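# Notes for the structure review
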Amino acid sequence: MTTLADVARMRLVAQRLVPPATRVADVVSWMGCTQAQDLGAARTAVALRVGASSYAPVHEALDAGTVVRSWPMRGTLHLVAAPDLGWMLGLTSERQVRQARRRHEELGLTPAVQSRAESIATAALDGGGLTRAELMAAWEEGGVDTTGQRGVHLLGLLAHRHVVCLGPVRGGQQEVVRTDRWIRQPRRLEREEAVVEWAVRYFRSHGPATLRDFLWWTKLLVSEVRPFLPQVREALASVTIDGTEYLLDPALPDAYAEHRRATAAPMLLPAFDEILIGYTDRSALLGGHDLERVVPGGNGVFLPLVVQRGQVVGTWRRPRKAGASVQVTAFGSLPPALERRLPALTRALPTRNGRV
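No experiment lies behind these values; they were computed from the predicted model shown.

Let us look at the overall build of the chain. Per the secondary structure count, the chain includes 18 helices and 11 strands. Over its C-alpha atoms the chain spans a radius of gyration of 21 Å, differing by no more than 12% from the 21 Å that the globule rule assigns to 356 residues. Considered along the principal axes of its C-alpha atoms, the chain spans approximately 60 × 55 × 35 Å. Put simply, the chain has 356 residues, and 53% of those count as buried.

Its 16 residues give helix α11 (residues 191–206) an end-to-end C-alpha distance of 22 Å, which sits within 8% of 22 Å, the value for a rise of 1.5 Å per residue. The buried fraction of α11 is high, at 12 of 16 residues. Buried within α11 are the following residues: Ala194, Val195, Val196, Glu197, Trp198, Ala199, Val200, Arg201, Tyr202, Phe203, Ser205 and His206.

Further remarks concern the packing of aromatic side chains. When we look at a pair of aromatic rings, we describe it by the centre distance and by the angle of the planes. For the structure shown, the criterion picks out 7 aromatic pairs. Ring geometry for Tyr202 against Phe214: centres 5.5 Å apart, planes inclined by 45°, an arrangement best described as tilted. Taken together, the residues Tyr202 in helix α11 and Phe214 in helix α12 (residues 211–218) connect sequence positions 12 residues apart. Relative accessible area serves as the criterion here: at 0%, Tyr202 is assigned to the buried category. By relative accessible area, Phe214 is classed as buried at 0%. Between Phe203 and Phe214 the ring centres are 5.8 Å apart and the planes differ by 40°, which places this aromatic pair in the tilted class. Placement of the pair is Phe203 in helix α11 and Phe214 in helix α12, with a sequence separation of 11 residues. The exposure classification of Phe203 matches that of Phe214, with both residues buried. An aromatic cluster is present here, built from Trp87, Trp198, Tyr202, Phe203, Phe214 and Trp217 joined pairwise through their rings. Lying across the ring of Tyr279, Arg11 places its NZ or CZ 3.8 Å from the centre.

The 4 strands are arranged β8-β9-β10-β11 in an open sheet whose pairing can be described as antiparallel. For this open sheet the edge positions go to β8 (267–269) and β11 (327–330), each flanked by a neighbour on one side alone. Across the sheet, the mean angle from the axis of one strand to that of its neighbour is 35°, orientation sign disregarded. Here 3 bridges tie β8 to strand β9 (residues 305–308), and the two strands are oriented antiparallel to one another. Opposite Met267, over in β9, you have Val307 as the bridge partner.

Conventions adopted
- The numbering scheme is per chain: residues are counted from 1 as the chain's sequence reads.
- In keeping with the model being predicted, local features are shown solely for residues with a pLDDT of at least 70 and side-chain atom pairs are shown and tallied solely at 80 or more, while totals for entire chains, interfaces and linings include all residues.
- To get the side-chain values, all heavy atoms of the structure are used, and hydrogens and water are removed first.
- A helix here means a DSSP run of H or I that spans at least four residues, while a strand means a run of E at least two residues long, and both kinds are numbered starting from the N terminus.
- What the globule rule says is 2.2 Å times the number of residues to the power 0.38, and the radius of gyration is computed from C-alpha atoms.
- In this scheme, a residue with accessible area under 20% of its type's maximum is buried, one over 50% is exposed, and one in between is partly exposed, where area comes from a 1.4 Å probe on protein chains only.
- The span expected for a helix works out to 1.5 Å for each residue beyond the first.
- To pair, rings of Phe, Tyr and Trp, with the six-membered ring standing in for Trp, must have centres within 6.5 Å; the planes then decide the type, stacked if under 30 degrees apart, edge-to-face if over 60, and tilted in the middle.
- Should the NZ of a Lys or the CZ of an Arg lie within 6 Å of a ring centre and within 35 degrees of the ring normal, that charge is described as sitting over the ring.
- Two strands pair under a simple rule: DSSP has to find at least two bridges between them.
- Axis definition: a line fit to C-alpha positions, over the contact stretch in the case of helices; interaxial angles, taken between N-to-C directions, run 0 to 180 degrees.

Okay, structure coming up:
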């Protein structure tokens, strides 16, 4: 019988944390979207999922154009497999732009200003990528005011319109690129096909999860998804726990049985990791603890996680002293075995040039 504790540990397998995958492009595609509001945390999340000791494989995927960073959903940045970005935005961009319209009006981003900014951007990016600072400078030179968050909102607007995205890394910063030049083989999906694929990929990579989780994650409306639920269910398995239905990859129960022991091992996960942020109901991993412990003050900033047996048992931060273990804020008494593992877990964290 599957329990809520099993749900938490099964998600570690579904999300490719146990065991890790091999290629960055594959794991990003499998996940559908990976939270990337904080690029450093996103690089760590993906590197852990491919067993990498450094960010190099993630940067290589960004530089090769197999993975991009943009605003496909929830008005925040995510890593996405490049071919998928267009059809995802086809489902979400209209609503995202509409929700930001009042703020655009407050900032004076009239249709004329938006059109001018798009023309300048497409011309400036014709010869290749630019850093955000370089693009802002091009806008200013062309008479488009970027102060007071105008530049950031214009960048987001053009990303929602699938005009630009964030691609290769230069000097530690991602370049803004034209999607029509950078994404060489975009996938074209009809709306029904896109909804079904996104839902199936979410439940396979994040399951066991609920329909409510998926709707929150994408911000799609139930009316947009309900007509296609029969096709979605056809591709998935389900379990019911305490009257709640969870959908999942049909292959997950066997994979979990094979790797169940490994899901008990402690691990350090970065801030904003999909293992927690990928669901609206986070009770399976929090085990009765208040979300306030992970998001102090409810400010939307998720702290890095200490996880054991699928449960969040504390948060951590990098040490100030080189070579020291991470500093943990435990939710209770830290198990001695976990405390002994902290030096090794710290060394296993991916870094810019390799593990410490």
